[in-house]
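Summary of the model geometry
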Amino acid sequence: VQLVESGGGLVQVGGSLRLSCAASGRTFGRYAMGWFRQAPGKDRDFVISITWSGGDTYYADSVKGRFTISRDNAKNTVYLQMNSLNPEDTAVYYCTADPNRIVPRGPAPTYWGQGTQVTVSS
C-alpha cells in the first residue's frame, strides 16, 4: 500500500484545514486508516483513526471535538478535517494504514505516507 498525503499548509489560529490521503491498491477497503503527527523535537503521536468499514473511530484527547476522520473506499481516500486549529497542532501529519485496527498507544501501523506539513500561525 502506498499512501500520498495532500492538503497541508499554513493556517491561522482558529482556522480549518482538510488533509487527504490517497492510497494505492485494490484492497484499500480492508485497511484501517489513521493519522499521526510529529511536532519539531517531539515524538510521533497518534491523532485519529478509522476502521476499514468506517464504523469505529479513535481520537487523541487533544483533538476530540475538533478533528474528524472519514473515508471514501470507492476513491481509496481518507480525509482528516481539522477545525479550531491552534499552534500546538503544528506538525508534520502522516497518513497510515494497517490490516488491523489503529488505536491509541497500540502498535505502529504497517504503512506510512511521507507526511505533509501543517503550520498554525498565531
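Structure: see above.
My aim in this report is to walk through the structure given alongside it, one point at a time. Going along each chain's sequence as written, the residues are numbered from 1 onward. Where local features are concerned, this predicted model is filtered to residues with pLDDT of at least 70; where side-chain atom pairs are given and counted, the filter is 80 or more; whole-chain, interface and lining totals use all residues. Processing note: side-chain calculations cover all non-hydrogen atoms of the structure and skip hydrogens and water entirely.

Our next topic: the packing of aromatic side chains. The criterion for an aromatic pair is that two Phe, Tyr or Trp rings (for Trp, the six-membered ring) have centres within 6.5 Å, with stacked assigned to planes under 30 degrees apart, edge-to-face to planes over 60 apart and tilted to the rest. Under the definition given, this model contains four aromatic pairs. Between Tyr 31 and Tyr 111, the aromatic rings sit 5.9 Å apart at their centres with planes inclined by 80°, giving edge-to-face as the arrangement. With a gap of 80 residues between them, Tyr 31 in the loop between β3 (17–23) and β4 (32–38) and Tyr 111 in strand β10 (residues 111–112) connect regions that are remote in the sequence. Accessible area is worked out with a 1.4 Å probe on protein chains only. A residue is then buried under 20% of its type maximum, exposed over 50%, and partly exposed in between. The class for Tyr 31 is buried, based on a relative accessible area of 14%. Exposure remark for Tyr 111: the relative accessible area of 26% places this residue in the partly exposed category. Residues Phe 36 and Phe 46 carry aromatic rings whose centres are separated by 5.6 Å and whose planes lie at 90° to one another, so their mutual orientation is edge-to-face. Note that Phe 36 is positioned in strand β4 and Phe 46 in strand β5 (residues 44–50), a separation of 10 residues in sequence. For Phe 36, a relative accessible area of 9% translates into the label buried. On the basis of relative accessibility, which here comes to 12%, the residue Phe 46 falls in the buried class. Here the aromatic cluster, defined as three or more aromatic residues joined through ring pairs, consists of Phe 36, Phe 46, Tyr 94 and Trp 112. Sitting over the face of the ring of Trp 112, Arg 44 holds its NZ or CZ atom 4.9 Å from the ring centroid. Placement of a charge over a ring requires the Lys NZ or Arg CZ to be within 6 Å of the ring centre, with the centre-to-atom vector within 35 degrees of the ring normal. Above the face of the Phe 28 ring, Arg 71 is positioned so that its terminal group lies 4.6 Å from the ring centre. By the criteria applied, helices consist of DSSP H or I runs no shorter than four residues and strands consist of E runs no shorter than two, each listed in order from the N terminus.

What follows is about the pairing of β4. Along β4, six of the seven residues are buried, which leaves the element largely enclosed by surrounding structure. If DSSP finds at least two bridges between two strands, the strands pair. Relative to strand β9 (residues 91–98), β4 runs antiparallel, the two being bridged by seven bridges. The residue of β9 that forms the bridge with Ala 32 is Asp 98. With six bridges connecting them, β4 and β5 associate as antiparallel partners. Note on β5: the bridge partner recorded for Trp 35 is Ile 48. In textbook terms, the turn of a hairpin is the stretch between consecutive antiparallel strands, and for β4 and β5 this stretch comprises five residues, one of which, Gly 41, has a positive phi near 75°.

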